[in-house]
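The primary structure of each chain is shown beneath.
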Amino acid sequence: MNIPLFTVIVVIYLLVIGYLGYLGYRGTKTSGDFMIAGRQIHPYVMALSYGATFISTSAIVGFGGAAGVFGMGLLWLTFLNIFVGIAIAFIFFGKRTREMGQKLEAHTFPEFLGRRYNSRAIQIIGGVTIFVFMPLYTGVVLIGAARFIESTLNINFVLSLAIFSIVIAAYVIAGGLKGVMYTDAMQGTIMFIGMIILIAFTYNALGGIIPAHEALTSLADKVPESLAAGGHQGWTTMPVLGSPLWWSLVSTIVLGVGIGVLAQPQLVVRFMTVNSNRQLNRAVLVGGIFILFMTGVAFLVGSLSNVYFFNTTGNIAIAEAGGNTDLVIPTFINMAMPP
């Protein structure tokens, strides 16, 4: 790795993050500014913030690695992410949520529920539920990013987790939701460009789109016996209908995540950050394209990494990653992409 160049990039990145956090801090005067960004966020910023919050390391590293095991069946999750997580969420749920939130003057999701149903108990239950279970979701995101930092920079996992967490805490506490959404939009833009580069390099390394997919199909006989016994039929085919792997893929991952997005409070709150339904309509296209590239590319690359690893080392993806799905994407990037 070119350490001087890397250092310059990291310093510039942190300076930009710091500046955006400062903009959020400077624009935060009231509790409404801190919690819901004053209801004045631009639809482009809102869409990218929603998408970057929805699809982050938990999808790109975590589910991308899962695609290295399950294969392209995970693309059904991309479909649900766009159809349910963007179209239905924005058009049907988002508009009503924004209108109700503004009318009720709610600043948080538990407050929104409590005022909507005129129940202090519901507000308390909602707040406690988020307080107890949100750290589990947050932990997945933090672990995914820390694993990437660990494998890329070859530093201790705990240290990488601490550094990552401190940087996030700094701009969240200082800038409130405005700081979060500004940095989300910037990072989402970087993610979008990065995924375009990633899929282009992947197909180039594998000889093109058609040869890459044909090669992946031909690896079906390399499926480990343990996965084959669970219903795995290859990385371009869905598992056997009704098999344990089919149920894991469809019920837990595709339906669980694809529909569960509607109940994620950190996403619901973002509907209340714009000042009109027209803004939400404008955000649908941006959000849909963003999610398509984030999940679609991650799942394609995760699946196709089997071809690259097999051609390079003779191993399939999960074997090359030492049995840890979180390391499939970082390992592939470190091996296949330019330094």
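Along every chain, residues carry numbers that run from 1 in the direction the sequence is written. Local features in a predicted model are, by the rule used here, given only for residues with pLDDT of at least 70; side-chain atom pairs are given and counted only at 80 or more, and totals for whole chains, interfaces and linings are based on all residues. The basis for every side-chain value is the complete set of non-hydrogen atoms in the structure, without hydrogens or water.

Is there a simple way to think about the overall build of the protein in this case?
What counts as a helix is a DSSP run of H or I of at least four residues, what counts as a strand is a run of E of at least two, and both are numbered from the N terminus. Helices and strands together make up the secondary structure of the protein, namely 15 helices and 0 strands. Across its three principal axes, the protein shows a C-alpha extent of roughly 60 × 50 × 35 Å. Counting across all 339 residues of the protein, residues that qualify as buried make up 47%. What makes two residues a contact is simply this: any of their non-hydrogen atoms within 4.5 Å. Long-range contacts, defined here as pairs at least 24 residues apart, represent 76% of the contacts in the protein between residues at least 6 apart. Counting rule for charge: Lys and Arg are taken as positive, Asp and Glu as negative, and neither His nor the chain ends is counted. Taken as the charge location is NZ of Lys, CZ of Arg, CG of Asp or CD of Glu. Once the 16 positive and 11 negative side-chain charges of the protein are each reduced to a mean point, those two points are 19 Å apart. Each residue's exposure class comes from its accessible area (1.4 Å probe, protein chains only) as a fraction of the maximum for that residue type: buried when under 20%, exposed when over 50%, partly exposed otherwise.

Explanation requested: the packing of helix α3 (residues 43-54) against helix α5 (residues 75-104) in the structure shown.
The angle between the axes and the distance between the axes are what describe a pair of packed helices. Fitted lines through C-alpha atoms give the axes, limited to the stretch in contact for helices. The angle between two N-to-C directions lies from 0 to 180 degrees. Orientation of α3 relative to α5, taken along the N-to-C sense of each, is 140°, at an axis distance of 13 Å. With respect to α5, the element α3 is oriented oblique. As α3 packs across α5, the resulting crossing turns out to be right-handed. Of α5, the residues touching α3 (which contributes M46, Y50 and F54) are N81, G85, I86, A89 and F90. The residue classification treats Ala, Val, Leu, Ile, Met, Phe, Trp, Tyr, Cys and Pro as nonpolar and Asp, Glu, Lys and Arg as charged. All others, Gly included, are polar. Taken together, the residues of the contact of α3 with α5 sort by class into 6 nonpolar, 2 polar and no charged. In what follows, roughly perpendicular refers to angles from 65 to 115 degrees, roughly parallel to angles under 35, roughly antiparallel to angles over 145, and oblique to any angle outside these ranges. Here is the rule for handedness: rotate from the far helix to the near one, and if that takes an anticlockwise turn smaller than a right angle the crossing is left-handed, while a clockwise turn gives right-handed.

Help me out: how do you make sense of the layout of surface pockets in this one?
A probe matching the size of a water molecule, rolled over the atoms, marks out where space remains unfilled. Here a cavity denotes grid points, spaced 1 Å and computed from the protein atoms alone, that fit a 1.4 Å probe unable to get out, and a pocket denotes an open set having protein on both sides within 12 Å along at least 5 of 7 lines; residues with an atom within 4 Å of a point are the lining. Grid points are joined across faces, edges and corners, and a volume is the space filled by probe spheres set on the points. Looking at the second largest pocket, its volume works out to about 400 Å³. Lining the second largest pocket are 20 residues, with Y137, V257, G260, Q264 and Q266 sitting closest to its centre. Those elements that provide at least two residues to the lining of the second largest pocket are α4 (57-70), α7 (120-153), α11 (244-260) and α12 (265-268). The dominant element in the lining of the second largest pocket, judged by the number of residues it contributes, is α7, at 6 residues. In terms of residue class, the lining of the second largest pocket is built from 13 nonpolar, 7 polar and no charged.

Sorry, what's going on with the pattern of salt bridges here?
Opposite charge on two side chains permits pairing when their charged atoms draw close. Definition used for salt bridges: Asp or Glu carboxyl oxygen within 4 Å of a side-chain nitrogen of Lys or Arg. Within the structure shown, the criterion is met by 4 salt bridges. Between D33 and K178 there is a salt bridge whose closest N-O contact spans 3.9 Å. Here D33 is found in helix α2 (residues 31-36), whereas its partner K178 is found in helix α8 (residues 157-205), with 145 residues between them in sequence. K178 shares its class with D33; the two are buried. The shortest N-O distance in the salt bridge between R270 and D184 comes to 3.2 Å. Taken together, the residues span a long stretch of sequence, with R270 in the loop between α12 and α13 (277-313) and D184 in helix α8 at a distance of 86 residues.

How should the packing of aromatic side chains be read in this particular structure?
We describe a pair of aromatic rings using the distance from one ring centre to the other and the angle between the two ring planes. Stacked, tilted and edge-to-face are the three classes applied to pairs of Phe, Tyr and Trp rings, where Trp contributes its six-membered ring and a pair requires centres within 6.5 Å; stacked means planes under 30 degrees apart, edge-to-face means over 60, and tilted covers the rest. In the structure shown here, the tally under the stated rule is 12 aromatic pairs. Seen from their ring centres, W76 and F79 are 6.1 Å apart, and the 85° between their planes marks the pair as edge-to-face. Of the two residues, W76 and F79 are both situated in helix α5; the distance of 3 residues between them amounts to about one turn of the helix. An aromatic cluster is built from Y50, F54, F90 and F271, whose rings are joined through pairwise contacts. The positively charged end of R116 is found above the aromatic ring belonging to Y117, 5.2 Å away from the centroid. Remark: a charge is flagged as sitting over a ring if the NZ atom of Lys or the CZ atom of Arg is within 6 Å of the ring centre and within 35 degrees of the ring normal.

So what exactly am I meant to see when it comes to the nonpolar core here?
Note on soluble globular proteins: their nonpolar side chains tend to be buried together. With 83 residues, the main nonpolar core has M46, Y50, L74 and F90 as its most contacted residues. Sorting elements by how many residues they give to this core places α13 first, with 15 residues. Each residue touching M46, except ones within four places of it in the same chain, is listed here: I41, F90, M181, R270, F271, T273, V274, L280 and A283. For the purposes of this section, nonpolar cores are sets of buried Ala, Val, Leu, Ile, Met, Phe, Trp, Tyr and Cys residues that join through side-chain atoms within 4.5 Å.

Explain the side chain of R98 here, please?
Mapped onto the secondary structure, R98 falls in helix α5. With sequence-adjacent residues up to four places away left out, R98 is seen in contact with F271, M272, V274, N275, S276, N277 and L280.

I keep staring at α7 and nothing clicks. Help me out?
Because an α-helix completes one turn every 3.6 residues, residues spaced three or four positions apart along the sequence face the same direction. Every helix has an expected span of 1.5 Å times one less than the residues it contains. Between the first and last C-alpha of α7 there are 48 Å, a value that for 34 residues agrees with the 50 Å anticipated at 1.5 Å per step. Bend, at a single residue, is the angle you get between axes fitted to the 7 residues ending at that residue and the 7 residues starting at it. The principal kink in α7, of about 35°, is found at F133, preceding the proline P135 by one to four residues. Within α7 the residues assigned to the buried category are G126, M134, G139, V141, L142, G144, A145 and A146. Whenever two N or O atoms come within 3.5 Å, that pair is a polar contact, provided that in protein one can donate a hydrogen and the other can accept it, and provided that, for residues adjacent in sequence, both atoms are side-chain atoms. The opening residue of α7 is S119, an N-cap whose side-chain oxygen sits 3.4 Å from the backbone nitrogen of A121. Looking one or two residues beyond α7, the residue adopting positive phi is N154, at roughly 60°.

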